[in-house]
Structure formats: structure tokens, C-alpha cells
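This is what each chain is made of:
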Amino acid sequence: MKRFNVTGVCRPDVHYMVKLDKRMQEVRRYIDAGDYFSIHRARQYGKSTMLQALAADLADDYFVLDLDFQMLSSGDFESEGSFSAAFARELLESKRGRIPVKTAGQLEKFIEQKGDLKLANLFLCLSEWCRQAARPIVLMIDEVDSASNYQIFLDFLAQLRGYYNRRTERPIFWSVILAGVYDIRNLKQKIGQDMQYKRNSPWNIAAEFDVDLSFGTDDIAGMLTEYEADHQTGMDIALVSNLIYEYTSGYPYLVSRICKLLDETLIKNTGSASGNDVWTKAGVLEAVRLLLAEKNSLFESMADKLMNFKQLKTVLSGLLFTGKNIAYNPDDEAVDLAQMFGFVKSSGGNLVISNRIFETRLYNMFLTMSETQNAEMYKAALKDKNQFIQDGHLDMRRVLERFTEHFSDLYGDREDTFYEEDGRRYFLLYLRPIINGTGNYYIEFETRNMERTDVIIDYCGEQFVVEMKIWRGQAYHSRGEKQLLEYLDYYHLKKGYMLSFNFNKSKTIGIQEIVIGDKILVEAVV
């Protein structure tokens with residue numbers, strides 16, 4: 001029986017997976033054109049799965065050399081000789097019995113040479129092989145990040161560039177694909193003995209690779225259709241696939257992880273025989289909660305990046321808490337890093353967090369950092385926690401009442417700029433320990449700006465919409481009410497909540513209910 005896979009390469013014979021045919025056709029256009037290019041995407045984005053599927057697809061027309069630099073040790077990159085021997089060895093091992101006898105003999109002889117092996121001599125051997133080959137040779141190298149810090153890798157790229165520019169007279173690989181997280185075109189070249197760097201990567205010959213490797217709703221639906229044919233759960237495939245996409249924006253690992261939690265963890269926990277009560281909206285929301293609560297390699301990598309690249313914190317914190325628009329600028333190193341690691345994407349010329357899962361996890365990371373700096377609000381939430389849950393239901397009105405009281409007591413004498421920058425942070429800091437472990441929240445991207453942010457809270461199958469806004473006068477307030485009512489219609493809710501940060505000295509702090517048509521708005525002012 002097939003299963004969902006989140007570790008290593010996916011195989012269609014044993015795993016439920018998105019069909020890659022269309023993407024492989026798009027990638028093949030580059031190969032057929034003889035391009036050299038890199039597939040640089042964030043961690044666990046399906047790069048290795050794509051390369052293995054592509055190698056099989058190309059087999060009838062090309063001789064494919066699919067290597068993985070993880071198979072090389074750090075010692076293999078220490079010198080030109082050790083790298084040249086290791087590269088030749090991997091060629092022989094990966095295609096043993098398929099490399100022409102003459103070429104195999106030359107590579108074996110090259111490895112057995114005593115003395116200092118030269119990269120240039122290795123490429124002479126490779127060029128002769130390509131000259132005599134019956135089919136064009138395509139070189140694929142996965143996990144090139146493991147080599148990117150070594151000078152010898154830059155020398156290897158320089159050889160590829162040199163042969164690429166002269167391949168009419170010096171035959172070499174028809175196409176070369178390098179796969180990893182980092183954009184190889186932006187490697188920093190070591191210059192001189194002082195070990196200073198400048199951006200001058202020998203991989204500047206690479207074609208721009210713009211194939212979308214994320215999953216669309218149709219992709220997810222196709223995978224679930226195959227699953228449904230095997231399990232007969234009766235799920236609404238369109239509803240489930242759209243909901244998974246809403247939370248993941250098609251990030252391959254996140255899609256597969258949610259499906260795996262539904263198929264394995266939740267079906268086991270509920271004792272469901274058919275899975276019909278698991279593959280539902282409530283089931284997806286529960287899988288999202290479990291995903292956000294777990295430690296996995298993807299989230300650990302995110303935390304490591306925040307620790308190792310301090311400039312990321314400034315960009316991401318600005319996006320999450322201040323509501324300021326940050327223009328997409330690929331020349332900004334922090335923006336470039338955030339996009340390369342998959343944290344952000346460009347939308348309408350501005351940066352946005354890539355998906356709801358990442359956004360909530362990043363909020364949680366930053367809020368955890370804030371817990372010690374703003375211990376009073378966090379401690380207040382922990383102390384109040386038990387009074388907000390009645391018979392398994394979250395009393396959101398009571399949450400706003402107590403937050404309003406604590407916020408006014410703790411921060412009522414602070415400057416206005418303090419409220420502007422940190423009001424959202426304090427509400428989420430207060431909310432998190434209340435729903436942590438049982439509920440979840442996310443920020444609605446379309447409403448997040450300096451004046452308004454909508455928080456969607458999921459708790460035991462119930463949803464709450466809380467609009468956080470800066471008071472800009474009664475007219476603006478009325479527009480906010482109208483927008484919230486429209487949002488309640490979208491979520492099929494009868495009650496909504498507003499939290500206004502008001503800087504007027506004559507403001508009235510507190511909470512009130514307003515009935516508008518068939519809706520109730522609970523408005524809190526701090």
C-alpha cells in the first residue's frame with residue numbers, strides 16, 4: 001500500500017505524490033536547448049525527486065550522469081587532486097558498466113596516477129568522452145551546497161564555463177544542472193591571499209530557471225484522487241485540496257506532511273476505520289495544529305537560519321509585526337536570503353511571508369524571543385488561561401476583556417510609537433499561551449498593513465476573526481466595521497471581534513457589543 005512521504009526522494013510506485021509530467025516538460029526545454037542552469041529552491045522543495053524523475057525521463061535521448069555531492073566527504077574538497085579523483089570515482093561508481101570501456105579505463109588510470117592530479121586533465125578526459133559519445137551527455141549534480149564553501153568547487157565551475165564557451169571545438173556536457181538551496185550564480189569568489197570576496201561566480205553562464213516547483217490545488221487534488229481510489233474515505237477532494245493549499249501555498253514538504261498526519265496520525269488517534277471523519281475541514285485544521293507544534297528538520301533549519309543570518313530577523317520582524325510594506329529588492333542581501341531560504345516571496349512588488357504555516361511558525365519563534373523581554377504580559381496570560389475555556393469552547397470576548405485590562409495597566413504610560421510598533425505583538429503574546437497546544441492562529445495576508453491586521457483563530461473546530469487596528473477616527477472605524485462584516489460573511493460567522501489601539505487622550509477604554517443586521521461585533525479599545 002502506498003503512503004505519503006516526507007523523507008528523501010519520492011517514488012511513484014510506493015508513494016502518493018504529485019504528478020511531475022508537466023514540470024518535467026518545462027525543465028526539458030532547458031536541456032533540449034543545451035542550457036546550463038541551477039535549480040535553487042528552499043529545503044525540502046522536491047528538488048531531488050525532480051532530478052531522479054528527470055533522469056529517468058531523459059534516458060532514451062541522453063546519457064545522464066546524476067551525481068550527489070553528499071556522497072563526497074569534506075576531505076575530497078581539500079585540494080585539486082583529491083576533488084578530481086573523487087569526481088572521477090563517483091562517475092565510475094554511479095554508472096558502473098554503462099560508461100564506455102575506453103572512457104572507464106581512462107578515468108581509472110587517472111585516479112591511479114601518483115602525484116598531483118589536475119582538474120584540467122580530468123576535463124580533457126571528459127571532453128574526449130563527450131566527443132565520442134553516441135548520445136549527448138547531461139550532467140546533474142544534487143546537493144551542491146555541500147561544496148559551495150570550497151575554492152575547488154569554484155575552479156570546477158570555471159572549467160565548466162571555459163568548456164561551455166568553447167564547446168564547438170572542445171566538446172563537453174550537453175547540459176548541466178546544479179541543484180541546491182543557494183543560487184550558485186551568486187557565489188562569492190575568493191580573491192587573493194587576503195581571502196576577501198567579491199561576487200564573481202563562474203556560474204554566470206547559467207540560464208535563468210523559472211519553473212514553478214510548488215504544488216497547485218489541481219496537483220494536490222490529483223494526489224488525493226489517487227489516495228481516495230485506494231481508501232474510499234468519501235472526502236470532498238476539492239474542499240480538502242483547497243484548504244491544504246490555503247495553509248501551505250503549495251510548499252511540497254508542507255503539503256505532504258499535512259497529508260501524512262491525516263493518513264497516519266489522525267486516523268490512528270481517532271480510531272477511524274474509513275477515514276471519513278478525518279479527511280474533512282476539521283481534520284485538516286487539526287493536522288495543521290499538529291504540524292505547527294512539532295519539531296522537524298524544516299522548522300529546525302528555519303531557526304538555524306535566523307540564528308546564523310541576523311539580518312533576516314529585521315526583515316521578517318518588520319513584515320510580521322509592524323505591517324509596513326517592504327518592497328521586493330533582490331539587491332538587498334537580507335531580502336535575497338529570505339527569498340532563497342523560502343521565507344518570503346514577492347507579491348505585487350512587495351515582500352510577503354511564503355505561506356500561513358511559515359508565518360505562524362515565525363510568529364511563534366519571535367514571540368518566544370519576546371517572552372523573556374515582555375514577561376509581564378506572558379505571565380498574565382498564563383495566570384488567566386483557565387478562565388477562557390468553558391466546556392471546550394474559547395471565550396474570545398473574555399480574552400479581549402482581560403487583554404484590555406492588562407495592556408492598560410502595564411503599558412498605559414508608554415509613548416504612542418510603542419503602541420504603533422508593538423500592539424499586535426502583545427496581543428499575540430497574550431493569545432499564544434491561551435490556545436497553545438489546542439488551537440492555532442494565522443494572519444490574513446490581504447488585510448495586514450500598518451493600520452489593520454486580521455487574526456484568524458482556530459480552536460477545537462471553531463473559528464474566530466479578530467481585527468486589530470489603529471484608531472484613525474470614526475469614519476475609518478466605520479469602514480473597519482464594514483470590512484469585518486464582509487469577512488464574517490466569508491467565514492460564515494455571526495460574531496466578530498475588533499481590537500482598536502487608540503491614542504486619543506479622551507478615549508474610553510473597555511469593551512462593548514454592537515449589533516449590525518444579523519451580526520454581533522465585540523469591540524475592545526485600549
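Predicted, not measured: the structure shown is a model, and the values here were computed from it.

About the criteria used
- Residues numbered from 1 in each chain as written.
- Predicted model: local features only at pLDDT ≥ 70, side-chain atom pairs only at ≥ 80, totals over all residues.
- Heavy atoms only, no water.
- Helix = DSSP H or I, 4+ residues; strand = E, 2+ residues; numbered from the N terminus.
- Buried < 20%, exposed > 50% of the residue type's maximum accessible area, 1.4 Å probe, protein only.
- Contact = heavy atoms within 4.5 Å.
- Areas by Shrake-Rupley, 256 points an atom, 1.4 Å probe, with all protein chains shown as cover.
- Phe/Tyr/Trp six-rings, centres within 6.5 Å; stacked < 30°, edge-to-face > 60°.
- Lys NZ or Arg CZ within 6 Å of the ring centre and 35° of its normal.
- Pairing = 2+ DSSP bridges.
- Core = buried A, V, L, I, M, F, W, Y, C linked by side-chain atoms within 4.5 Å.
- Axes fitted to C-alpha atoms, helices over the stretch in contact; angles between N-to-C directions.
- Expected span 1.5 Å × (residues − 1).
- Parallel < 35°, antiparallel > 145°, perpendicular 65-115°, else oblique.
- Left-handed = near helix turned anticlockwise from the far one by under 90°.
- Nonpolar A, V, L, I, M, F, W, Y, C, P; charged D, E, K, R; others polar.
- Salt bridge = Lys/Arg side-chain N within 4 Å of Asp/Glu carboxyl O.
- pLDDT = per-residue confidence, 0-100.

A count of helical and extended segments in the chain gives 18 helices and 18 strands. Looking at the chain residue by residue over its 526 residues, the buried ones come to 52%. Contacts in the chain between residues far apart in sequence, at least 24 positions, make up 70% of those at least 6 positions apart. For the chain, the computed accessible surface area is about 24,000 Å², with 47% contributed by carbon and sulfur atoms.

Per the counting criterion, the structure on display carries 37 aromatic pairs. Ring plane angle 70° and centroid distance 5.8 Å describe the contact between F63 and W129, whose orientation is recorded as edge-to-face. Of this pair, F63 sits in strand β4 (residues 63-68) while W129 is found in helix α5 (residues 119-132), placing the two residues 66 residues apart along the sequence. The pair formed by F63 and W129 is uniform in burial state, with each residue classed as buried. A cation over a ring is seen here: K305 above F341, with NZ or CZ 5.0 Å from the ring centre.

Put simply, side chains in a regular strand alternate between the two faces of the sheet. Counting buried positions along strand β5 (residues 137-142) gives six out of six residues, so the element sits mostly inside the fold. Taking every second residue as pointing to the same face, both faces of β5 are buried, with I137, L139 and I141 on one and V138, M140 and D142 on the other. Pairing of β4 with β5 involves six bridges; the strand directions are parallel. Residue pairing in the sheet places F63 in a bridge with I137 of β5. The pairing of β5 with strand β6 (residues 175-180) spans four bridges and is classified as parallel. From the neighbouring strand, V138 faces β6, where its bridge partner is S175.

If you look at the biggest cluster of nonpolar residues, it comprises 130 residues, and the most contacted ones within it are W279, L394, F427, L428 and I457. Looking at which element gives the most residues to this core, the answer is helix α9 (residues 252-270), with nine residues. Sequence-distant contacts of L394, defined by excluding residues within four places in its chain, comprise F388, I389, V399, I434, I435, I457, Y459, E462 and F464. Of all hydrophobic cores here, the second largest spans 46 residues; its members include A86, C125, F173 and V176.

Strand order in the open sheet formed by four strands is β3-β6-β5-β4, with parallel pairing between adjacent strands. In the strand order of this sheet, the two ends are held by β3 (36-40) and β4, each with one partner. Strand-to-strand, the axes of this sheet are offset by a mean angle of 15°, without reference to chain direction. Sheet topology note: the β3/β6 ladder contains five bridges and is parallel. Bridged to H40 within β6 is G180. Where helix α1 (residues 21-32) meets the sheet, it contacts β3, β5 and β6, and its direction lies at approximately 150° from that of β3.

Bringing helix α6 (residues 151-165) into the picture now. With 15 residues, α6 ought to run about 21 Å at 1.5 Å a step, and its terminal C-alpha atoms sit 21 Å apart, in line with that. Those residues of α6 that sit buried are I152, F153, L154, F156, L157, L160, Y163 and Y164.

Once that is clear, we can look at the packing of helix α7 (residues 217-231) against helix α8 (residues 237-248). Interaxial distance between α7 and α8 falls to 9 Å at its minimum, and their mutual angle equals 130°. Looking at the two axes, α7 sits oblique to α8. The handedness of the crossing between α7 and α8 is right-handed. Contact residues: T217, I220, A221, L224, T225 and E228 in α7; I237, V240, S241, N242, I244 and Y245 in α8. Here the residues of the contact of α7 with α8 sort into seven nonpolar, four polar and one charged.

So, on to helix α2 (residues 47-58). Every α-helix carries 3.6 residues per turn, so stepping three or four residues along brings you back to the same face. Taking 1.5 Å per residue, twelve residues should reach 16 Å; α2 reaches 16 Å between its end C-alpha atoms and fits that length. For α2, every residue scored as buried is listed here: K47, T49, M50, L51, L54, A55 and L58.

Another point: the pattern of salt bridges. Taken as a whole and assessed by the stated rule, the structure comprises 24 salt bridges. Ionic pairing is found between R402 and E405, a salt bridge with its closest N-O pair at 2.4 Å. Here R402 pairs with E405, and both are found in helix α16 (residues 396-411), just three residues apart, close to one helical turn. The class of E405 is partly exposed, set by a relative accessible area of 36%. Several salt bridges share partner residues, and in doing so they unite R28, D32, D57 and D61 into one network.

This part takes up the confidence of the model for the chain. Averaged over every residue, the pLDDT of the chain is 87; the share at 70 or more is 89%. Summarising per-element confidence for the chain, the mean pLDDT is lowest in strand β7 (residues 188-191) (44) and highest in strand β2 (residues 15-16) (98). This model gives residues 189-198 a pLDDT under 50, and the stretch forms 18 contacts once residues within four places in sequence are excluded.

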